[in-house]
Amino acid sequence: MQLKLFALVVCLLALGAGGAAAQSLSPMRAEGATPSDIKGFRLTVGNPYKARMTFIVMAMDPKFEVEIAQAAVSVPEFRLAPGASRPIVVQFRIDPALKERTIGVCVQPKDLEGPILPRVCGTYTGWLAGTRR
């Protein structure tokens, strides 16, 4: 009985670890305050594919329709080995009059073509310290 329970726990842990390794953008949502008009988030991009891939990271509007100004990605294009991941930093400016800003960040493979492209996106909100919550 204990052996069956142990085997079940090991299988569940293995399934959970496999799902985490396939994540291409982590975290997919984040928020936080900043003492200045610049907010940054450290994100991790992973390659779930079985081949070495070049990825593009884009700072976009919250609806993921157009790239935005006043935002920067530390490494907007890079190659990753299968199963590898790397951190990136996304920074954006918050208008002091608005006191808060939400941006989208999307990651997609560079060299794929077709009507449907695999793209993973997340949203990130920053606000000026002392103006919220």
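Residues numbered from 1 in each chain as written. Predicted model: local features only at pLDDT ≥ 70, side-chain atom pairs only at ≥ 80, totals over all residues. Heavy atoms only, no water.

> What's the story with the overall build of the protein in this structure? I'm lost.
Tallying secondary structure elements over the protein gives one helix and nine strands in all. When the helices and strands of the protein are read in sequence order from the N terminus, they spell out α-β-β-β-β-β-β-β-β-β. Here the protein holds 133 residues, and the buried ones make up 31% of them. Across the protein, contacts joining residues at least 24 apart in sequence account for 63% of those joining residues at least 6 apart. On the protein, roughly 8,400 Å² of surface is accessible, and the fraction owed to carbon and sulfur atoms is 59%. (Helix = DSSP H or I, 4+ residues; strand = E, 2+ residues; numbered from the N terminus. Buried < 20%, exposed > 50% of the residue type's maximum accessible area, 1.4 Å probe, protein only. Contact = heavy atoms within 4.5 Å. Areas by Shrake-Rupley, 256 points an atom, 1.4 Å probe, with all protein chains shown as cover.)

> It is not clear to me how the pattern of salt bridges should be interpreted in this structure. Could you clarify?
It is possible for side chains bearing opposite charge to pair when their charged atoms get close. Scanning the entire structure with this criterion turns up two salt bridges. The salt bridge involving Asp 37 is made with Arg 93; its shortest N-O contact spans 2.7 Å. Note that Asp 37 is positioned in the loop between β2 (29–34) and β3 (38–46) and Arg 93 in strand β7 (residues 85–93), a separation of 56 residues in sequence. Looking at Arg 93, the relative accessible area reads 34%, which means it is partly exposed. (Salt bridge = Lys/Arg side-chain N within 4 Å of Asp/Glu carboxyl O.)

> How should unusual backbone geometry be read in this particular structure?
Keep in mind that most residues, glycine aside, have a negative phi and that most peptide bonds are trans. Omega for the bond connecting Ser 26 with Pro 27 falls within 30 degrees of zero, at -10 degrees, which places this linkage in the cis form. Counting through the fold element by element, Pro 27 comes out in the loop between β1 (25–26) and β2. Positive phi values are uncommon outside glycine, yet Phe 64 reaches one of about 60 degrees. Mapped onto the elements of the fold, Phe 64 is located in the loop between β4 (53–60) and β5 (71–73). Even without glycine at this site, Lys 99 takes up a positive phi of about 70 degrees. Looking at where Lys 99 falls in the secondary structure, it is placed in the loop between β7 and β8 (100–109).

> I would appreciate a short explanation of the state of the cysteines in the present structure.
In a disulfide, the sulfur atoms of two cysteines are covalently bonded to one another. A full pass over the atoms with the stated rule returns one disulfide. Through a disulfide, Cys 106 is tied to Cys 121; the S-S separation comes to 2.1 Å. Where Cys 106 bonds to Cys 121 through sulfur, the torsion about that S-S bond is close to 110 degrees, and the disulfide is right-handed. In this pair, Cys 106 is assigned in strand β8 and Cys 121 in strand β9 (residues 120–128), connecting sequence segments 15 residues apart. Judged on exposure class, the residue Cys 106 and its partner Cys 121 are both buried. (Disulfide = S-S within 2.5 Å.)

> Could you clarify how one ought to interpret the nonpolar core in this entry?
One broad rule of soluble globular proteins: the nonpolar side chains tend to lie buried together. Membership of the largest hydrophobic core comes to 20 residues, with the highest contact counts inside it found for Leu 43, Val 45, Val 57 and Ile 88. Looking at this core, the elements that each hand over two or more residues are β3, β4, β6 (77–80), β7, β8 and β9. Ranked by residue count, the leading element in this core is β4, at four residues. Setting aside its immediate chain neighbours within four residues, Ile 88 contacts Phe 41, Arg 42, Leu 43, Val 45, Val 57, Val 73, Ser 74, Val 75 and Phe 78. (Core = buried A, V, L, I, M, F, W, Y, C linked by side-chain atoms within 4.5 Å.)

> Please clarify how the sheet that holds β7 should be interpreted in this entry.
Working definition: the strands of a sheet are paired by backbone hydrogen bonds and lie parallel or antiparallel to each other. Spatially, β1-β3-β7-β5 is the arrangement adopted by the four strands of the open sheet, whose pairing is antiparallel. The open sheet is flanked by β1 and β5, the only strands paired with a single partner. Of the strand pairs in this sheet, β3 and β7 are connected by nine bridges, and their pairing is antiparallel. In the sheet register, Phe 41 faces β7, and the bridge partner there is Val 90. (Pairing = 2+ DSSP bridges.)

Read these as spatial facts, not as claims about activity.
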